[in-house]
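Chain residues, written in single-letter form:
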Amino acid sequence: MNVKNFIVGGIVGGIVDWILGWVFYGMLFKDTFPMDQNSMNMGMISCGCFAVGFFISYLFSGLTTVSGMAAGFKAGAVIGLFQGLIAGFFENEANLSPDYKVLAIGVAISVVMAAVVGGCIGMINEKMK
């Protein structure tokens, strides 16, 4: 495992995930996913974003070698697909009639965000060889 790639990729991935989360959930889809600004814990949100960045970075530099933006984008999209499906299913487990449109939008956002994070981490792995 390349520890330097893991750390740099995790930090960059976390920052990219945070920015994309703000764009998607805070700006583009704020009506679809309403949030109470007074009850948001930005520390927990930031930790979650960095957890995603380090998770993808670990997969790309620890378990396998994903190098290059295109390879990172593809692998990130697959990770985001499963991450979005898992979160969407568990978030709706108590709903007798879940909103499938919102679930699909959440999965699509997860795919795009993880793909971009993966592309950035893949690019970092390629540049830091």
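Here the structure is a predicted model, which means the values were calculated and not measured. (Residues numbered from 1 in each chain as written. Predicted model: local features only at pLDDT ≥ 70, side-chain atom pairs only at ≥ 80, totals over all residues. Heavy atoms only, no water.)

Caption draft 1: View of the overall build of the chain. For the chain, the helix and strand inventory stands at four helices and zero strands. Its helices and strands in sequence order give the chain the pattern α-α-α-α, from N to C terminus. In terms of C-alpha radius of gyration, the chain reaches 15 Å, essentially the compact-globule figure of 14 Å for 129 residues. With the C-alpha coordinates of the chain rotated into their principal frame, the extents come out at 50 × 30 × 20 Å. Residue pairs at least 24 apart in sequence account for 86% of intrachain contacts in the chain once pairs closer than 6 positions are excluded. Accessible surface for the chain amounts to roughly 7,700 Å². Of this, 70% is attributable to carbon and sulfur atoms. Within the chain, the 7 negative side-chain charges are centred at a point lying 18 Å from the centre of the 6 positive side-chain charges. (Helix = DSSP H or I, 4+ residues; strand = E, 2+ residues; numbered from the N terminus. Rg over C-alpha atoms; globule rule 2.2 N^0.38 Å. Contact = heavy atoms within 4.5 Å. Areas by Shrake-Rupley, 256 points an atom, 1.4 Å probe, with all protein chains shown as cover. Lys, Arg positive; Asp, Glu negative; His and termini not counted. Charge placed at Lys NZ, Arg CZ, Asp CG, Glu CD.)

Caption draft 2: Layout of the packing of helix H3 (residues 69-91) against helix H4 (residues 100-127). Where H3 contacts H4, the two axes come as close as 6 Å, and the packing angle between them is 150 degrees. Accordingly, the angle class assigned to the pair H3 and H4 is roughly antiparallel. Crossing geometry of H3 relative to H4 is assigned as right-handed. Across from Met69, Gly72, Phe73, Gly76, Ala77, Gly80, Leu81, Gln83, Gly84, Leu85, Gly88 and Phe89 in H3, the residues of H4 making contact are Leu103, Val107, Ser110, Val111, Ala114, Ala115, Val116, Gly118, Gly119, Gly122 and Met123. Of the residues assigned to the contact of H3 with H4, the class counts are 13 nonpolar, 10 polar and no charged. (Axes fitted to C-alpha atoms, helices over the stretch in contact; angles between N-to-C directions. Parallel < 35°, antiparallel > 145°, perpendicular 65-115°, else oblique. Left-handed = near helix turned anticlockwise from the far one by under 90°. Nonpolar A, V, L, I, M, F, W, Y, C, P; charged D, E, K, R; others polar.)

Caption draft 3: Spatial organisation of the packing of aromatic side chains. A complete count under the given rule lists four aromatic pairs for this structure. Taking the centre distance of 6.2 Å and the plane angle of 80 degrees together, the rings of phenylalanine 6 and tyrosine 58 count as edge-to-face. Taken together, the residues phenylalanine 6 in helix H1 (residues 3-28) and tyrosine 58 in helix H2 (residues 42-63) connect sequence positions 52 residues apart. Using a relative accessible area of 35% as the deciding quantity, one classes tyrosine 58 as partly exposed. Measuring from centroid to centroid gives 6.4 Å for phenylalanine 24 and phenylalanine 29, while their planes differ by 20 degrees, and the two rings are stacked. Residue phenylalanine 24 is classed as buried on the basis of its relative accessible area, which comes to 14%. For phenylalanine 29, a relative accessible area of 25% corresponds to the partly exposed category. Among the aromatic residues, those joined into a ring-pair cluster are Phe6, Phe54 and Tyr58. (Phe/Tyr/Trp six-rings, centres within 6.5 Å; stacked < 30°, edge-to-face > 60°. Buried < 20%, exposed > 50% of the residue type's maximum accessible area, 1.4 Å probe, protein only.)

Caption draft 4: Examining H3 more closely. Under the 1.5 Å per step criterion, the end-to-end length of H3 is 31 Å for 23 residues, consistent within 8% with the ideal 33 Å. For H3, the complete set of buried residues consists of Gly72, Gly76, Ala77, Ile79, Gly80, Gly84 and Gly88. In the core, the buried residues of H3 are packed alongside H2 and H4. (Expected span 1.5 Å × (residues − 1).)

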